[in-house]
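Spelled out from the first residue to the last, the chains are:
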Amino acid sequence: ESDGPLINPLRQHLTYTIRVHKDNPRLKKGAKIRCWMPFPQEYRQQQDVRLVRCDPEDGYIAPKDAPQRTIYFKRTVDDPSEPVVFQAEYEFTTYAYCPMPNAADARDYDTSSELYKTYTAERLPHIRFSEEVKRLAGEITAGVTNPLEKARRIFLWECHNMRYCAEVEYSTIPSISAKGLATRRGDCGVQALTFITLCRAAGVPARWQSGWTTIPVHWNMHDWAEIYVEPWGWLPVDPSYGLTDSDDPRVREFFFGNQDPYRLIVNLDFGRELDPPKTSFRSEPADFQRGEVEIDGHNLYFDDWDWDYDVRSEPIESTN
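Structural notes, computed from the coordinates. (Residues numbered from 1 in each chain as written. Predicted model: local features only at pLDDT ≥ 70, side-chain atom pairs only at ≥ 80, totals over all residues. Heavy atoms only, no water.)

1. Digging into the overall build of the protein chain
We count it as follows: Runs of H or I in DSSP of at least four residues are treated as helices and runs of E of at least two as strands, each being numbered from the N terminus. Accessible area is worked out with a 1.4 Å probe on protein chains only. A residue is then buried under 20% of its type maximum, exposed over 50%, and partly exposed in between. In what follows, residue pairs with any heavy atoms lying within 4.5 Å of each other are defined as contacts. Computed with a 1.4 Å probe, the accessible areas rest on the Shrake-Rupley method; for each residue, only the protein chains presented here act as cover. Think of it this way: Lys and Arg go in the positive column, Asp and Glu in the negative one, and His and the chain ends go nowhere. Throughout, a charge is located at the NZ atom of Lys, the CZ atom of Arg, the CG atom of Asp or the CD atom of Glu.
Counting its regular elements, the protein chain contains six helices and 15 strands. With 320 residues in all, the protein chain has 54% of them scored as buried. Looking at the protein chain alone, contacts between residues at least 24 apart form 71% of all its contacts between residues at least 6 apart. Carbon and sulfur atoms make up 48% of the accessible area of the protein chain, which totals about 14,700 Å². Taken together, the 38 basic and 51 acidic charged side chains of the protein chain have centroids lying 4 Å from each other.

If you want it as structure tokens, here you go:
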């Protein structure tokens, strides 16, 4: 009933804080601390991004097209007894994105385009077309040529065959999609990369997206996927949200091609270099949600600092 696919806007206000543990032995006078924190993308259903304030005040915001968008800080330790705190406060508007795609409207791909070649390719080690992947993708999409229906069948296969479970750190998993297929379970990121890998193997362009959910009380880090199908372009797919309990197929399969507004989109890809680059090993080399910290070129793992995420979401009157 709306005039377009962007509906139910929310104005979201988020304060993100990182505190380095004061007992860290590297906190010495003159030590150089670098910190990267999540910052909102400016993307179709996420608009009007505004930095309200930050501490230190000279935070550097990565460009709008950064695949993993950050706000970056640096400090020099003057008094090691003083707490080391980094903070960013920002606002942004998100919309529910509801194009409600229908397979009858899907168009064939230009398989010679750079977009198609890029997003149907392997990307080792986490997107690998093993013999199992090629066989399974072929079985799931057998007899189907419509690209939207191919992706839908893969989505439904995951909904019925992969269970959610808490996951170990991604830095310890040699191949995230291979782990998902081997165990038939995983968290949101494992399920997303498994879906992306099967879609690409079936000839449907797919990519990663991640950040946070901002659902009141139930906010959390979250990963999902996007598929590219004309005439819509990039469509969100959330395999770990899966199917909704409803007799209406539009509601039951809502998270295939549509998305709620309770999101903070930070990443449009996984495993990309931060801006500016980090010199030490990343605590999370694939995803970027909690942040990254280093002192004098040495990485501080997640147990060396604390993070605090405070978000307020208020509905605003839609202009659509």
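2. Focus on the packing of helix 4 (residues 176–183) against helix 5 (residues 188–201)
Axis angle and axis distance: for two packed helices, these are the angle between their axes and the distance between the axes, and together they describe the pair. For clarity, the cut-off: A fitted line through C-alpha atoms represents every axis, and for helices the fit uses only the stretch in contact; the resulting angles, taken between N-to-C directions, go from 0 to 180 degrees. Working rule for angles: under 35 degrees goes down as roughly parallel, over 145 as roughly antiparallel, 65 to 115 as roughly perpendicular, anything else as oblique. Residue polarity is assigned by list, with Asp, Glu, Lys and Arg as charged and Ala, Val, Leu, Ile, Met, Phe, Trp, Tyr, Cys and Pro as nonpolar; anything else, Gly included, falls into the polar class.
Interaxial distance between helix 4 and helix 5 falls to 8 Å at its minimum, and their mutual angle equals 95 degrees. One finds that helix 4 runs roughly perpendicular with respect to helix 5. Here helix 4 contributes Ile 176, Ser 177, Lys 179, Gly 180 and Leu 181 to the contact with helix 5, which in turn contributes Gly 189, Val 190, Leu 193, Thr 194, Thr 197 and Leu 198. Of the residues belonging to the contact of helix 4 with helix 5, the class tally is five nonpolar, five polar and one charged.

3. Observations concerning the environment of Glu 292
To be explicit about the condition: Contacts described as polar in this section are N or O atom pairs within 3.5 Å, which, within protein, must combine one atom able to donate a hydrogen with one able to accept it, while residues neighboring in sequence count only if both atoms come from side chains.
Secondary-structure assignment places Glu 292 in strand 13 (residues 292–295). A relative accessible area of 1% places Glu 292 in the buried class. Looking at Glu 292, its side chain comes within polar contact range of the side chain of Lys 278, at 2.5 Å.

4. Looking at the layout of surface pockets
Sizing a probe to match a water molecule and rolling it over the atoms shows the empty space that remains. The criterion, for reference: Using only the protein atoms, space was sampled on a 1 Å grid; points where a 1.4 Å probe fits but cannot get out form cavities, open sets with protein on both sides within 12 Å along at least five of seven lines form pockets, and lining residues are those with an atom within 4 Å of a point. Grid points are joined across faces, edges and corners, and a volume is the space filled by probe spheres set on the points.
In this model, the largest pocket occupies a volume close to 460 Å³. Lining the largest pocket are 26 residues, and of these Tyr 170, Asp 187, Cys 188, Met 221 and Gln 289 sit closest to its centre. No other element matches strand 10 (residues 220–229), which puts four residues into the lining of the largest pocket. Classifying every residue of the lining of the largest pocket by side-chain character gives eleven nonpolar, seven polar and eight charged. Approximately 310 Å³ is the volume found for the second largest pocket. If you go around the second largest pocket, you meet 13 residues; those closest to its centre are Pro 101, Asn 102, Arg 152, Pro 249 and Glu 253. Broken down by element, the lining of the second largest pocket gets its largest block of residues, three residues, from helix 3 (residues 147–161).

5. Here we look at the sheet that holds strand 11 (residues 233–237)
Applicable threshold: We call two strands paired when DSSP finds no fewer than two bridges between them.
Reading across from one edge, 11-10-9-12 is the order of the four strands in this open sheet, with antiparallel pairing throughout. A single partner strand is all that each edge strand has here, and the edge strands are strand 11 and strand 12 (263–267). Geometrically, the sheet is characterised by an average inter-axis angle of 40 degrees between neighbouring strands, direction not taken into account. Against the sheet, helix 3 touches strand 10 and strand 11, its axis set at about 150 degrees to strand 10.

6. Some words on the packing of aromatic side chains
In this description, a pair of aromatic rings is defined by centroid distance and the angle of the planes. Short version of the rule: Under the pairing criterion, centres of Phe, Tyr and Trp rings, with the six-membered ring standing for Trp, must be within 6.5 Å; the plane angle then separates stacked pairs below 30 degrees from edge-to-face pairs above 60, leaving the rest tilted. In this analysis the charged atom, NZ for Lys or CZ for Arg, is taken to sit over a ring once it is within 6 Å of the ring centre and within 35 degrees of the ring normal.
Applying the stated criterion across every chain, the model contains 21 aromatic pairs. Ring geometry for Tyr 16 versus Tyr 309: centroids 6.4 Å apart, planes at 85 degrees, classification edge-to-face. Taken as a pair, Tyr 16 in strand 1 (residues 6–20) and Tyr 309 in strand 15 (residues 305–315) lie far apart in primary sequence, 293 residues in all. Here Tyr 16 matches Tyr 309 in class, with each residue buried. Judged by centre distance (6.1 Å) and plane angle (45 degrees), the ring pair of Trp 212 and Trp 219 falls under tilted. For Trp 212, a relative accessible area of 0% puts it in the buried group. You can call Trp 219 partly exposed: its relative accessible area is 32%. Of the aromatic side chains, those joined through ring pairs into one cluster are Tyr 16, Trp 212, Trp 219, Trp 307 and Tyr 309. We note Arg 123 situated over the ring of Phe 270; from NZ or CZ to the ring centre the distance is 4.0 Å. Directly above the ring of Trp 234 sits Arg 207, whose terminal nitrogen or CZ lies 4.1 Å from the centroid.

These figures come from the coordinates and say nothing about function on their own.
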